[in-house]
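# Structural characterization, general
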Amino acid sequence: MMSDKLLSIGFITYNGGSRIRLALDALLNQNYRNFELIISDNASDDNVTEAICREFAAKDRRVRYFRQQENIGRINNFLFVLKEARGEYFMWAADDDWWDKNFASSLVTGLDGDKKYGVALSSFKRVYSDGEPLDEVLFNGRDATVHKSHYQLYRSIALYSPIHIFFCGIWRTNFLRALISRPVPSCRSW
């Protein structure tokens, strides 16, 4: 049975006009239907992004569009969409990402299945902007994260292992908010 919990999708964009339609279509065509899509346009100046975002918001009541009056920076844009989230689950999305139609349903099912997990992410394929394959990241065997300690996870992220992509998973919203409210140590990437 598919979950009925609200998933908030925080979508950030800046001058995404050339690629944004593919990303928004992939999100709106998820087979998990109970979601809100929060778009934060970081003061795009390409004369296209705003119009496309407004078009999608007018077509689908699940879409909420916010246009920042001035560029607030990438990190603040990510934090803005999280602040606007109303769902029990949350995921970040960007205008250069694409998702399989089963992405949300699979990960929500995983989180529903075990209350001790705060985030879920599937294996994934990375591609260049032209669609050419880059690589595939599989979370199995030695790369599985389920049995790693916090130290092992931190070390893996610091060494730029593919698990840094957990940022793009589906989170329990309250867990994520509590996590980012903690002081962030000085490190090479947010």
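Each remark here, short or long, concerns the structure printed above.
Let us look at the structure shown here. (Residues numbered from 1 in each chain as written. Predicted model: local features only at pLDDT ≥ 70, side-chain atom pairs only at ≥ 80, totals over all residues. Heavy atoms only, no water.)

### Brief notes about the packing of helix α1 (residues 20-28) against helix α2 (residues 49-59)
Interhelical geometry of α1 versus α2 gives an angle of 20° and a closest axis separation of 11 Å. As summarised for this structure, α1 and α2 are arranged roughly parallel, according to the angle between their axes. Here the hand of the crossing between α1 and α2 comes out right-handed. Contacts between α1 and α2 involve I20, R21, L24, D25 and L28 from the former and T49, I52, C53, E55 and F56 from the latter. Across the contact of α1 with α2, the residue classes tally to six nonpolar, one polar and three charged. (Axes fitted to C-alpha atoms, helices over the stretch in contact; angles between N-to-C directions. Helix = DSSP H or I, 4+ residues; strand = E, 2+ residues; numbered from the N terminus. Parallel < 35°, antiparallel > 145°, perpendicular 65-115°, else oblique. Left-handed = near helix turned anticlockwise from the far one by under 90°. Contact = heavy atoms within 4.5 Å. Nonpolar A, V, L, I, M, F, W, Y, C, P; charged D, E, K, R; others polar.)

### Details of the nonpolar core
By size, the foremost hydrophobic cluster in this structure holds 32 residues, and its most contacted members are L7, F11, L37, M91 and I170. Mapped onto this core, the elements with two or more residues apiece are β1 (7-13), α1, β2 (35-41), α2, β3 (63-67), β4 (89-94) and α4 (103-113). Sort the elements by how many residues they give to this core and α1 lands first, with six residues. Those residues in contact with L7 that sit more than four places away from it in its chain are Y32, N34, F35, E36, Y89, F90, M91, A104 and I170. Formed by 12 residues, the second largest nonpolar core is a distinct cluster that contains F78, L82, W92 and L176. (Core = buried A, V, L, I, M, F, W, Y, C linked by side-chain atoms within 4.5 Å. Buried < 20%, exposed > 50% of the residue type's maximum accessible area, 1.4 Å probe, protein only.)

### Focus: helix α3 (residues 74-84)
For α3, every residue scored as buried is listed here: N77, F78, F80, V81, L82 and E84. Where α3 is buried, its residues meet β1, β2, β3, β4 and α6 (173-180).

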